[in-house]
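In case you want the letters, here they are:
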4 protein chains.
Amino acid sequence: MAREIDHRSPSPPYRQIAAYLVADITAGVFAVGAPIPSEKELCEAYGVARNTVRNAVRWLRDAGYVETVVGRGSYVLDRASSTDKAGANESA
Amino acid sequence: MAREIDHRSPSPPYRQIAAYLVADITAGVFAVGAPIPSEKELCEAYGVARNTVRNAVRWLRDAGYVETVVGRGSYVLDRASSTDKAGANESA
Amino acid sequence: MAREIDHRSPSPPYRQIAAYLVADITAGVFAVGAPIPSEKELCEAYGVARNTVRNAVRWLRDAGYVETVVGRGSYVLDRASSTDKAGANESA
Amino acid sequence: MAREIDHRSPSPPYRQIAAYLVADITAGVFAVGAPIPSEKELCEAYGVARNTVRNAVRWLRDAGYVETVVGRGSYVLDRASSTDKAGANESA
DNA sequence: GTGGTCTAGACCACA
DNA sequence: GTGGTCTAGACCACA
C-alpha cells in the first residue's frame, strides 16, 4: 500500500511523491474531476511530514495536474485542455 | 452584485469581506442604526460559507462598526461616539 | 482524564471547557509562561470538534488568561499584570 | 411527496408531523440507527416553519423515538429497549 | 428567520 | 505539528 520513498535518492521525497501521483493520475487511478487523497492520507501513505506532501501537491498544481479548493481538497484537471503552467506559479 | 473575493490574496476572505462592509458603512450604503445584510445574504453575495461571513462580522463588531442582536441581526453603530477598538482581537 | 461536558447545560460546551481551563490555570496545573494543551489534545480530552475548543481558547484569550502564538501554542499569562478584559467579547 | 397538514384539525401541526414520523419509524422507512430527515428537509416536506418541525422532533425525542446529536441530526432509537419517556423531558 | 454553537473534516502559513 | 481559515452542512435559542 504505502509506496516507498528513497531517502538516498537525489530526487527529494516531495518530488518522488509528485511522480507517484502523476503516475496515478495518468493511469486513471484518480479520474479527471475526482479528488486526490487528502494531505493527511498522503502523509500516512508515504510516511512523511505534512510539508512534504504539501510541496508535492504544490508541484502538481504548478504543473497543471490538479486544482486546489480551500477546505475541500485537490481535484484532477483535464490536463490536455490546459496550458502547461509548470514553474509559472500563478495557480491558487 | 457579488463582489469578488481573491483567494490568492494574503488577506483572507473574511478580512476582504469585512473591508467591503466597512466601505459600505463609511459610504452610507448601510446607515447608522440600520442592519447590515443577514449572514445568509452575505454568504450568497460573496459565495462563501457561513463561518467566513461570521468571521467578517465578528471583525466589524470587535472594531466597533456594528453591534449584533441575537435573533435580529447586526446594526451599524455611530462609530464617532465609540472608542476605537480595532486591533483588540486581530492577533491569532 | 477527559472531564465531562454536559450537553444539556444552558452553558454551551465551549464555555464549560473554558471554565475547566481557567480552573486549571488558577490551580497552577498550567503555570504562568507554560503552554496549555494544544487544540488537538483538547479535542481528544473533551471529545469535541476543533471549532469548539477554538471557541474556548478564544474566550481565554479575550479574558486575558492566555496569549496565542501562531505555529506554537497558547501560553498562560500572569493575569495580575494585565487589565481584566473578561466580558469584552461575551456578547453575541 | 409532501404530506398534507390539516390546519383546521384540533391536532396542532407539530403533532400531525410527529404522527407521520412515528408512522415512518414504525414502518421502517427510517431504520433504527438511521437519521430522520433534517429540520430543513422536514420544513420543505411539510411546508411549515422551523419551530414547528422542531416541536415535532422534540415530541419524538421526549417519547423515546429518536435521540438528537447537536450538529449531526436525530437518529432512530430501538424503542423496545428503552423506557417510555413521554412527558419526562429528560432527554437531550 | 435571525444569530449562536456544533460536527467533521479540508487546506494554509508558520515555526 | 501548531494555530488560522475554510467548507458544508447540522441543531439550538430567541424574536
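See the structure above.
Residues numbered from 1 in each chain as written. Chains lettered and ligands numbered in written order. Predicted model: local features only at pLDDT ≥ 70, side-chain atom pairs only at ≥ 80, totals over all residues. Heavy atoms only, no water.

J.: How do you make sense of the pairing of strand E2 (residues 73-76) of chain B when you look at a structure like this?
T.: Successive residues of a regular strand alternate their side chains across the two faces of the sheet. Residues and elements named next belong to chain B. Pairing between strand E1 (residues 66-69) and E2: four bridges, direction antiparallel. Across the sheet, residue Glu 67 finds its bridge partner in E2, namely Tyr 75. The antiparallel pairing of E1 with E2 creates a hairpin that spans three residues between the two strands, and Gly 71 there sits at a positive phi of about 80°. (Pairing = 2+ DSSP bridges. Helix = DSSP H or I, 4+ residues; strand = E, 2+ residues; numbered from the N terminus.)

J.: I'm lost on the side chain of Ser 74 of chain A in this one. Help?
T.: With respect to the helices, strands and loops of the structure, Ser 74 of chain A is situated in strand E2 (residues 73-76). If we ignore the near neighbours within four places in the chain, the residues touching Ser 74 of chain A are Ala 34, Pro 35, Ile 36, Val 57, Val 66, Glu 67 and Thr 68 of chain A. (Contact = heavy atoms within 4.5 Å.)

J.: In this structure, what is going on with helix H1 (residues 13-26) of chain C? I would like to understand it.
T.: Because an α-helix packs 3.6 residues into every turn, residues spaced three or four apart end up facing the same way. Residues and elements named next belong to chain C. Helix length check: H1, at 14 residues, gives a terminal C-alpha distance of 20 Å against a target of 20 Å (1.5 Å per residue), a fit within 8%. Taken residue by residue, H1 has Gln 16, Ile 17, Ala 18, Leu 21, Val 22, Asp 24 and Ile 25 as its buried positions. Its buried side turned inward, H1 meets helix H2 (39-46), helix H3 (50-62), strand E1 (66-69) and strand E2 (73-76). Positive phi shows up at Gly 28, right after H1, with a value of about 85°. (Expected span 1.5 Å × (residues − 1). Buried < 20%, exposed > 50% of the residue type's maximum accessible area, 1.4 Å probe, protein only.)

J.: Is there a simple way to think about the packing of helix H2 (residues 39-46) of chain D against helix H3 (residues 50-62) of chain D in this case?
T.: Any two packed helices are characterised by how steeply their axes cross, that is the angle between the axes, and by the distance between the axes. Residue and element names in this part refer to chain D. The interhelical angle for the contact between H2 and H3, taken along N-to-C directions, is 110°, at an axis separation of 9 Å. The angle between H2 and H3 places the two elements in the roughly perpendicular class. Along this stretch, H2 crosses H3, giving a crossing that reads as right-handed. Contact with H2, carried on its side by Glu 39, Leu 42 and Cys 43, involves Arg 50, Val 53, Arg 54 and Val 57 of H3 and no other residues of that element. For the contact of H2 with H3, a count of residues per class yields four nonpolar, no polar and three charged. (Axes fitted to C-alpha atoms, helices over the stretch in contact; angles between N-to-C directions. Parallel < 35°, antiparallel > 145°, perpendicular 65-115°, else oblique. Left-handed = near helix turned anticlockwise from the far one by under 90°. Nonpolar A, V, L, I, M, F, W, Y, C, P; charged D, E, K, R; others polar.)

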